[in-house]
Amino acid sequence: MESTHRGAPSDSKRAIVAAFFANIGIAVLKFVAFLFTGSSSMLSESIHSLADTGNQGLLLLGRRRSDRPADERHPFGYGPVRYFYAFIVAFVLFTLGGIFSIFEGIDKLRHPHSVEAVGWAIAVLLGAIVLEAYSLRTAKEEANEVRPKNESWWRFIRRTKSPDLPVVLLEDTAALLGLGIAFVGVMLAYVTDNARWDGLGSLAIGVVLVLVAILLVIEMGSLLVGESARPEDVARIAAVVESFPLVRRCIHLRTEHLGPDEIVVALKAEFDHDLSIEQLADAIDGLEAAIRAVEPRATWIFVEPDIYREPAENTD
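Since we're looking at a predicted model, the values are computed, not measured.

Draft legend 1. Structural context of unusual backbone geometry. Although it is not a glycine, N150 adopts a positive phi angle of roughly 70°. With respect to the helices, strands and loops of the structure, N150 is situated in the loop between α4 (118–144) and α5 (153–159). Classification of N150 as exposed rests on a relative accessible area of 84%. Of note, the phi angle at D193 is positive, near 60°, even though the residue is not glycine. The residue D193 is located in the loop between α6 (164–192) and α7 (196–225) in this model.

Right, here's the structure in full:
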């Protein structure tokens, strides 16, 4: 038997919106600084922020498209759409952000030219750091609402089923690292009068973005293929099945996330052998309700009953 139920969604939209508007402001500031300074690090950073702005737009679009109701062609709904758009975000970060910065850095190393109006660069970088820090703080606040206590940030990023929070957290962290690298590169180029430091800064920014993009591709690809619920969620569901009055044992239990707030639960359980068909149907309905009481995100539940009866003894 199966049943469906819409789970209570978690919300990471605030973090995406904060990052979106912060990156718009940062991209404008950096591009203005590039026009005044001619710094390749500033150009790399402005393209990076522009890519990040587009990425937040893709995440918001993915959230909207995943909210469409299930239909005949997609009977389980559109939950995985969010994972697909997050995967595209990782690819955009790799190509438009990382590869461009590496190319710009190599070009600057081959054809160096002096950095001008360093004051503009410093002022813009400091302003961008403030905006980026605000965006990262917002993302951390949203993540802390769903991150288990004592779980490290690295483990949270690897285990969370929300595509939005890892993307925003890693993008903002990479952005702050990039800003620091750009600041050092511009200052060294100015102090030493060697523009190749600026090119090295752009190259380093590209390497950081490529590494972050590769990590996101791996994580989003895994979610897109399909991951089980977190171990503690599976254990909670299994405990409900094992303790249900009319269930003798849970034979097997499988879970998979269709989206951050949608879990498919498929299980086979041995029920009491003396149940009638009507009583078995009621028992399955009760088991499904008990599962959803502890895990509201269980939108689809499939229960295969095992009511094997010992053959009657032959008295002849």
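Draft legend 2. Broad picture of the environment of M187. Residue position: M187 is located in helix α6. For M187, a relative accessible area of 26% translates into the label partly exposed. Along the sequence, M187 and W197 sit ten residues apart, while their C-alpha atoms lie 8.6 Å from each other. Excluding anything up to four places from it in sequence, M187 contacts V118 and I122.

Draft legend 3. Representation of the pairing of strand β3 (residues 262–271) within the structure. Burial analysis of β3 places eight of its ten residues in the buried class, which makes it a mostly covered element. As defined by bridge partners, strand β2 (residues 247–259) adjoins β3 across ten bridges and the pair is classed as antiparallel. Following the sheet pairing, H257 is matched in β3 by I263. Counted along the chain from β2 to the antiparallel partner β3, the turn is two residues long. Bridge count between β3 and strand β4 (residues 298–306): eight bridges; the pairing is parallel. Within β4, the residue paired with V265 across the bridge is I301. Following the chain from β3 across helix α9 (residues 277–294) to the adjacent parallel β4, one finds a crossover that is right-handed.

Draft legend 4. Here's a closer look at the packing of aromatic side chains. Overall, the coordinates contain seven aromatic pairs when judged by the stated rule. Taking 6.0 Å as the distance between ring centres and 40° as the angle between the ring planes, the aromatic pair formed by F31 and F34 counts as tilted. Taken together, the residues F31 and F34, both in helix α1 (residues 13–37) and three residues apart, mark about one turn of the helix. You can call F31 partly exposed: its relative accessible area is 41%. With 6.3 Å between their ring centres and 10° between their planes, W300 and F302 make a pair best called stacked. Look at W300 and you get buried, because its relative accessible area is 15%. F302 gets classed as partly exposed once you look at its relative accessible area, which sits at 28%. Against the face of Y78 rests R68, its NZ or CZ located 3.9 Å from the ring centre.

Reading guide: rules and limits
Residues numbered from 1 in each chain as written. Predicted model: local features only at pLDDT ≥ 70, side-chain atom pairs only at ≥ 80, totals over all residues. Heavy atoms only, no water. Helix = DSSP H or I, 4+ residues; strand = E, 2+ residues; numbered from the N terminus. Buried < 20%, exposed > 50% of the residue type's maximum accessible area, 1.4 Å probe, protein only. Contact = heavy atoms within 4.5 Å. Pairing = 2+ DSSP bridges. Right-handed = clockwise from strand over helix to strand, strands pointing away. Phe/Tyr/Trp six-rings, centres within 6.5 Å; stacked < 30°, edge-to-face > 60°. Lys NZ or Arg CZ within 6 Å of the ring centre and 35° of its normal.

Keep in mind these values describe shape, not function.
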